[in-house]
Amino acid sequence: MATIFVDNKPYEVKDGDNLLHACLSLGFDIPYFCWHPAMHSVGACRQCAVKQFRDENDTRGKIVMSCMTPAADGTRISINDPEVRAFRASVIEWLMLNHPHDCPVCDEGGECHLQDMTLMTGHVYRRNRLKKRTHRNQYLGPFINHEMNRCIQCYRCVRFYRDYSGGRDFNVFAAHDHVYFGRHEEGVLENEFSGNLAEICPTGVFTDKTLKRHYVRKWDLQTAPSVCIHCGIGCNTIAGERHGKLLRIRNRFNSEVNGYFLCDRGRYGYEFVNTERRIRHPLIKNELSGKFEETTQEDAISHLSGLLHYGAKVIGIGSPRASLEANFALRCLAGPESFYSGMSEKEHKIVLLMAEILQKGPAVSPSLSEVAKSDAVLVLGEDVTNTAPLLALALRQAVRQKTMAIAKKLHIPLWNDAAVREAMQNERGPLFIASTSATKLGEVSLSQYHAAPDEVARLGFAVAHEIDPDAPAVKGLSKEAEELSKNIALALSGAERPLIVSGGGCLSEAVVKAAANVALALCRTGRACRLSFTMPECNSLGVGLIGRAGVEEAFKAVKESKADAVIILENDLFRRTDRSLVDSFFDACRNIIAIDHIGNQTTSRAAVVLPAATFAETTGTLVNNEGRAQRFFQVFQSRDEVMESWRWLHNLLVLSGLPEAKKWSVLDDITASLAEELPVFGPAKDAAPPAGFRICKKKIPRQPHRYSGRTALTAGISVHEPKPPEDYDSPLSFSMEGYEGRPPSELIARFWSPGWNSVQSVGKFQQEVGGPLNGGDPGRRLIGQSQSKEGDYFSDIPGPFSVSEDEWLVIPLHHIFGSEELSIHAAGIAESAARPYLALNARRALALGLAEGDEVSLDFSGGRQCGLPLRIVPSLPDGVAGIPAGLPALSGITLPVTARLAPLKGKDG
């Protein structure tokens with residue numbers, strides 16, 4: 001620790017910090033623009049000036065930039081010296097000379113860091129009477145609005161976009177005093193993290209275009225802490241509602257998970273909540289006409305009473321996108337032996353395999369903050385950018401760790417970002433990627449290896465053998481793979497914090513086992529290896545630990561037993577497995593009850609459809625890829641006849657006369673029953689304070705103290721203010737009334753502090769700026785962090801990949817926009833989503849006489865045919881073809897699968 005003196009008072013701070021970071025962590029208010037806790041210092045804005053003194057006898061001192069000055073032991077500064085206050089006021093004045101001063105119409109109003117800093121410095125009057133400099137704005141795509149005239153040249157946007165997230169289609173262009181931040185020509189921003197510009201920018205240059213369409217003031221949003229449901233990472237979010245619609249998703253800081261950032265799918269995929277395809281009323285299919293008829297909640301339950309009597313045989317199909325509580329409620333209704341995870345059998349087995357490896361293996365499952373500190377990484381079989389975007393963002397920071405030694409040798413403090421990057425140049429740490437085709441993360445890797453899934457696995461097994469000769473050897477490895485395995489083993493063995501990344505992206509158990517072998521080999525040789533698996537969906541790990549098997553086994557159970565009813569929870573089965581199997585299942589069973597919030601192929605085939613609440617309209621728990629149980633909270637009450645999935649199931653439990661119906665009254669009761677019956681979920685009940693939690697006998701308000709217009713919303717009907725609805729499932733209230741202080745980190749519904757209205761106010765909630773939240777970050781780990789060297793190697797190594805001359809292995813190719821089920825219902829995501837195609841490498845396409853865009857017929861081994869336009873993907877290996885994963889038009893195809901290809905002539909695709 002070091003001792004610094006601020007206005008003649010001593011304070012202890014961490015060694016190695018700069019003065020701005022140290023003073024903000026101590027609670028002092030110093031205005032700043034260009035500095036950011038995740039991107040550190042460049043000294044561009046000159047706003048964070050303080051006065052530094054040589055010693056206690058120095059009365060004159062000198063003005064320095066606090067973000068560029070180390071907080072060395074004995075440093076003496078003044079924040080409130082009159083001269084430095086005048087300097088900061090002059091800086092903000094000239095920064096504002098060309099600003100349009102359009103706060104009343106600016107979308108950033110009420111959350112603007114520029115507003116906060118202007119008030120903090122006391123600048124209230126603009127003296128310049130000259131003509132303002134103006135710029136032409138650009139179209140940047142469906143997510144980001146551009147208003148360049150508000151720019152104060154802090155350089156945050158370009159530093160994040162290019163240096164932090166690796167984008168290349170955005171830059172700064174300057175001539176004389178004209179500085180412009182944008183693209184070389186207008187067009188859609190290509191980076192997967194472009195939406196963060198709306199939070200990174202301290203002014204209103206980059207704003208949320210989806211929120212702009214709705215037009216609402218930020219202080220009129222009712223908000224609640226939530227968790228992103230669009231991949232398995234479990235990023236923490238703040239969801240905002242107004243007029244009964246979800247209008248915005250914003251980042252909620254969690255130092256162990258997403259930190260300060262979100263991917264664009266997580267930020268903009270929320271609009272499915274408001275889609276016209278929402279199911280708003282219970283639907284019962286008329287047996288004569290085959291058409292659905294709307295009914296009420298009471299009538300729907302009454303209709304089901306004949307099916308779900310006491311002793312009725314029920315089969316439950318869960319969902320990896322539904323909460324733990326909803327899945328467990330269905331398990332109780334169907335019974336443990338009749339509950340199925342809702343994933344395909346192949347996916348279910350892979351998820352269970354990954355869970356077992358993480359629970360029993362020696363390698364620790366890392367948080368994203370630990371991933372970013374890794375100094376050597378091997379990615380096996382996963383397109384991380386498209387399956388787990390924030391993990392890819394963390395890996396982009398990891399490649400800098402090894403080369404930080406260059407800056408340390410030159411005695412450059414790591415917070416001096418510009419100097420560190422200048423010293424490092426283009427040097428990168430060891431990142432090796434072995435995948436089925438080129439990935440975007442490959443641009444920062446040392447080496448890429450593209451092969452069929454079995455060959456990727458064989459490379460991983462070979463790396464494990466090179467690290468530890470006791471690991472099984474691989475026979476028949478190519479010279480290229482053999483040489484690469486030695487290089488990878490050497491880099492991983494020489495690292496202090498090696499990391500292995502894999503997952504179920506290519507649906508290969510062999511790849512997962514190979515990753516486990518590499519991690520075990522490193523642990524056995526004394527390296528503290530970490531092993532990160534991606535999970536297909538937001539609760540894949542959670543439902544995998546609850547369910548006994550996949551959907552194919554459920555179909556067999558339906559055929560083998562005379563079930564009275566089958567209940568499908570928030571799941572479109574046509575996305576899970578072969579269409580013919582799903583069709584046979586629906587043909588074999590008439591009494592199918594679907595609980596879901598958006599109409600899909602499964603709900604259209606059901607006999608009864610019950611309208612479920614989305615994540616924004618219910619409370620529940622999800623388990624992310626590292627085994628962290630996290631609670632998301634209801635943002636607003638659903639309208640019409642919509643009800644939470646677990647409440648529908650509780651009503652059905654009452655019909656069935658099962659004992660759980662009497663034990664449960666609120667969500668906490670289900671979570672407690674889950675923890676009691678399945679001990680692995682024990683920590684989940686502590687993922688957030690219970691519904692009875694109060695501070696000073698008060699709930700935590702969802703609405704900010706500036707919230708306005710509650711009465712005005714219904715003034716056309718009545719001037720009497722309606723009573724706010726009650727929330728019996730959480731310690732949050734649907735009003736402004738409640739505890740006004742700082743709640744526990746799990747219940748933070750917004751980041752706000754006096755004088756800090758923008759997202760920068762998060763620093764007031766942290767133990768230190770950039771560090772964990774006060775009281776610890778949200779979530780509880782289900783999987784332990786203990787590490788041993790015990791464990792057995794997997795020895796079932798696949799043979800060399802081969803297919804017959806006229807057959808191809810068709811594999812899934814993931815896309816950040818389009819491959820996920822719910823986000824594609826958002827207009828901006830749908831606009832950016834991939835279109836159906838068949839991918840081949842150029843050499844094999846030429847051999848078939850095909851060119852880009854030609855129609856190709858696929859004849860699958862199950863008998864299904866389809867026609868797709870050809871896309872040339874040079875990195876695909878011979879014998880391997882690819883189609884986009886998850887697209888609705890390609891549902892019902894089980895991947896990977898063998899198929900025959902032929903040019904399609906005279907047919908519709």
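As shown above, the structure is provided for reference.
Note that the structure is a prediction, hence the values are computed from the model and not measured.

Novice: What's the story with the pattern of salt bridges in this structure? I'm lost.
Specialist: A side chain of one charge can pair with a side chain of the opposite charge when the charged atoms of the two come close. Overall, the coordinates contain 49 salt bridges when judged by the stated rule. Close ionic contact of Glu 83 with Lys 51 constitutes a salt bridge, the shortest N to O distance being 2.4 Å. With Glu 83 in helix H2 (residues 82-95) and Lys 51 in strand S3 (residues 49-53), this pair connects stretches of sequence that are 32 residues apart. You can call Glu 83 partly exposed: its relative accessible area is 48%. Residue Lys 51 is classed as buried on the basis of its relative accessible area of 4%. The partner of Glu 370 in a salt bridge is Arg 530, with the nearest N and O atoms 3.8 Å apart. Pair noted here: Glu 370 is in helix H11 (residues 368-371) and Arg 530 is in strand S21 (residues 530-534), with a separation of 160 residues, a long-range link. For Arg 530, a relative accessible area of 26% puts it in the partly exposed group.

Novice: Please clarify how helix H15 (residues 417-424) should be interpreted in this entry.
Specialist: An α-helical turn contains 3.6 residues, so a residue and the one three or four places further along point in the same direction. Taken together, the buried positions of H15 are occupied by Asp 417, Val 420 and Met 424. The buried side chains of H15 occupy one side of the element, clustering within an arc of 65° when seen end-on. Residues of H15 that are buried in the fold lie against helix H4 (156-164) and helix H14 (404-409). Where H15 terminates, the next one or two residues include Gln 425, which has phi positive at roughly 55°.

Novice: Explain the packing of helix H10 (residues 345-360) against helix H18 (residues 509-524) to me, please; I cannot follow it from the model alone.
Specialist: A pair of packed helices is captured by two measures, namely the crossing angle of their axes and the spacing between those axes. Contact pair H10 / H18: the axes reach a minimum separation of 10 Å and the direction vectors enclose 10°. On the basis of the axis angle, H10 is roughly parallel to H18. On H18, the residues touching Lys 349, Ile 350, Leu 353, Met 354 and Ile 357 of H10 are Glu 509, Val 512, Lys 513 and Ala 516.

Novice: Teacher, can you tell me more about the environment of Gly 599 here?
Specialist: Its location among the elements puts Gly 599 in the loop between strand S23 (592-596) and helix H22 (601-605). When the C-alpha positions of Gly 599 and Arg 278 are compared, they lie 6.5 Å apart, and in sequence the two are 321 residues distant. Apart from the residues lying within four places of it in its own chain, the contact partners of Gly 599 are Arg 277 and Ile 279.

Novice: I'm lost on the packing of helix H16 (residues 453-467) against helix H17 (residues 479-493) in this one. Help?
Specialist: At a minimum axis distance of 8 Å, the contact between H16 and H17 shows a crossing angle of 55°. Taken together, the axes of H16 and H17 are oblique relative to one another. Here H16 runs over H17; the crossing is right-handed. Two secondary-structure elements touch here, H16 through Leu 459, Ala 462, Val 463, Glu 466 and Ile 467 and H17 through Ala 481, Leu 484, Ser 485, Lys 486, Ile 488, Ala 489, Leu 492 and Ser 493.

Novice: Hey, could you run me through the state of the cysteines in this one?
Specialist: One way to say it: the disulfide is the covalent bond shared by the sulfur atoms of two cysteines. Taken as a whole and judged by the stated rule, the model has zero disulfides. For Cys 34, which is in no disulfide, the shortest distance to another cysteine sulfur is to Cys 45 and amounts to 3.7 Å. The class for Cys 34 is buried, based on a relative accessible area of 1%. Here Cys 103 is not disulfide-linked; the sulfur of Cys 112 is the nearest cysteine sulfur, at 6.3 Å. You can call Cys 103 partly exposed: its relative accessible area is 34%.

Definitions and limits used
Residues numbered from 1 in each chain as written. Predicted model: local features only at pLDDT ≥ 70, side-chain atom pairs only at ≥ 80, totals over all residues. Heavy atoms only, no water. Salt bridge = Lys/Arg side-chain N within 4 Å of Asp/Glu carboxyl O. Helix = DSSP H or I, 4+ residues; strand = E, 2+ residues; numbered from the N terminus. Buried < 20%, exposed > 50% of the residue type's maximum accessible area, 1.4 Å probe, protein only. Arc of directions from axis to C-beta. Contact = heavy atoms within 4.5 Å. Axes fitted to C-alpha atoms, helices over the stretch in contact; angles between N-to-C directions. Parallel < 35°, antiparallel > 145°, perpendicular 65-115°, else oblique. Left-handed = near helix turned anticlockwise from the far one by under 90°. Disulfide = S-S within 2.5 Å.

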